[in-house]
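# Reading the structure
The primary structure of each chain is shown beneath.
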Amino acid sequence: MRIIAALLALAASAGIGAAASAGLNARKKLMQALCSDARAICDRMELTSGRLCDMLSKLPNESTRALWQGFADSLGRHEPAAELWKKCVNEQRNDSLRRLKDEDIASLKALGEAFAAAGRQAQLNRMKLAINELEARHMEAGEDAKRKGKLYSSLGVLMGFAAAIMIV
């Protein structure tokens, strides 16, 4: 009976460590999708003179679709685009963006300033700055996933072994 309890403690602790590691990887993938989407929007803004809401509806990433669709739907309102963007980011904060850190959210909100710029060239310039910031956050997320992911997984297994030894 003790052996079964020890094995369960080991499995539970290893699972907790793996879940923490998976959360870091999910943040990295979400940041990658946001960077990809922002680059796609910037490219389309450079190459076409289409409306922003049309560009947003063609973004391929499933993990970010709710954010972009919410923003595209809100663009018809009589509010500044930057404010609409911040509202959309805040609305998705506890849903599709829940894995992001506060610093990631701040960088994402800065993207709204690009949407609020007066001319197309000013929008592109601000968009490129925001993309650079998002890419820096993505790189940090990748480093965190690599470094802390192994740590969390290892600690989970070690804590499981410790619990198993104490049980037996």
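Residues numbered from 1 in each chain as written. Predicted model: local features only at pLDDT ≥ 70, side-chain atom pairs only at ≥ 80, totals over all residues. Heavy atoms only, no water.

### Structural notes on the overall build of the protein chain
A tally of helices and strands in the protein chain yields six helices and zero strands. Its C-alpha atoms give the protein chain a radius of gyration of 21 Å, clearly above 15 Å, the size a compact globule of 168 residues would have. C-alpha atoms of the protein chain, sized along the principal axes, occupy 70 × 25 × 25 Å. Only carbon and sulfur atoms are counted for the fraction: they give 58% of the accessible area of the protein chain, which is about 9600 Å². Within the protein chain, the 19 negative side-chain charges are centred at a point lying 5 Å from the centre of the 25 positive side-chain charges. (Helix = DSSP H or I, 4+ residues; strand = E, 2+ residues; numbered from the N terminus. Rg over C-alpha atoms; globule rule 2.2 N^0.38 Å. Areas by Shrake-Rupley, 256 points an atom, 1.4 Å probe, with all protein chains shown as cover. Lys, Arg positive; Asp, Glu negative; His and termini not counted. Charge placed at Lys NZ, Arg CZ, Asp CG, Glu CD.)

### Examining the packing of aromatic side chains
Summed over the entire model, instances satisfying the criterion amount to two aromatic pairs. Aromatic side chains Trp68 and Trp85 sit 5.0 Å apart centroid to centroid with 25 degrees between the ring planes, which places their arrangement in the stacked category. Of this pair, Trp68 sits in helix α3 (residues 65–74) while Trp85 is found in helix α4 (residues 81–92), placing the two residues 17 residues apart along the sequence. Residues Trp68 and Trp85 agree in their burial class; the two are buried. Judged by its relative accessible area of 0%, Trp85 is buried. Among the aromatic residues, ring-to-ring pairing joins Trp68, Phe71 and Trp85 into one connected group. (Phe/Tyr/Trp six-rings, centres within 6.5 Å; stacked < 30°, edge-to-face > 60°. Buried < 20%, exposed > 50% of the residue type's maximum accessible area, 1.4 Å probe, protein only.)

### Things to note about the side chain of Asp104
In this fold, Asp104 is placed in helix α5 (residues 102–116). In contact with Asp104, not counting residues within four places along its chain, are Arg27, Met31 and Arg137. (Contact = heavy atoms within 4.5 Å.)

### A look at the packing of α3 against α4
Running from N to C, α3 and α4 point in directions that differ by 145 degrees, and their axes come no closer than 9 Å. You can see that α3 and α4 cross each other, and the crossing is right-handed. Residue-level contacts link Ala66, Leu67, Trp68, Gly70, Phe71 and Ser74 of α3 to Ala81, Leu84, Trp85, Cys88, Val89 and Gln92 of α4. Among the residues making up the contact of α3 with α4, the classes are represented as nine nonpolar, three polar and no charged. (Axes fitted to C-alpha atoms, helices over the stretch in contact; angles between N-to-C directions. Left-handed = near helix turned anticlockwise from the far one by under 90°. Nonpolar A, V, L, I, M, F, W, Y, C, P; charged D, E, K, R; others polar.)

### A word on the nonpolar core
Counting 33 residues, the largest nonpolar core has Trp85, Leu97, Leu108, Leu111 and Met127 as its most contacted members. Going through the elements one at a time, α1 (2–47), α2 (52–56), α3, α4, α5 and α6 (120–167) are the ones with two or more residues in this core. Ranked by residues supplied to this core, first place goes to α1 with eight residues. In this view, Met127 contacts Ala38, Ile41, Cys42, Met45, Leu111, Ala114 and Phe115; residues no more than four positions away in its chain are not counted. (Core = buried A, V, L, I, M, F, W, Y, C linked by side-chain atoms within 4.5 Å.)

### Thoughts on the pattern of salt bridges
Scanning the model with the defined rule gives 15 salt bridges in all. Close ionic contact of Asp144 with Arg27 constitutes a salt bridge, the shortest N to O distance being 3.1 Å. Of this pair, Asp144 sits in helix α6 while Arg27 sits in helix α1, and the two are 117 residues apart along the sequence. Judged by its relative accessible area of 5%, Asp144 is buried. Residue Lys128 is joined to Glu46 by a salt bridge in which the shortest nitrogen-to-oxygen separation is 2.9 Å. (Salt bridge = Lys/Arg side-chain N within 4 Å of Asp/Glu carboxyl O.)

### A short note on α4
Between its terminal C-alpha atoms α4 stretches 17 Å, which fits the 16 Å expected from 12 residues at 1.5 Å a residue. Of all the positions in α4, only Ala81, Ala82, Leu84, Trp85, Cys88, Val89 and Gln92 are classed as buried. Along α4, the residues classed as buried sweep out an arc of 160 degrees about the axis, all on the same side. (Expected span 1.5 Å × (residues − 1). Arc of directions from axis to C-beta.)

### Considering the environment of Leu158
With respect to the helices and strands, the residue Leu158 is situated in helix α6. Distance in space between the C-alpha atoms of Leu158 and Glu113 is 46 Å, their sequence separation being 45 residues.

Keep in mind that these numbers describe shape and distance, not what the molecule does.
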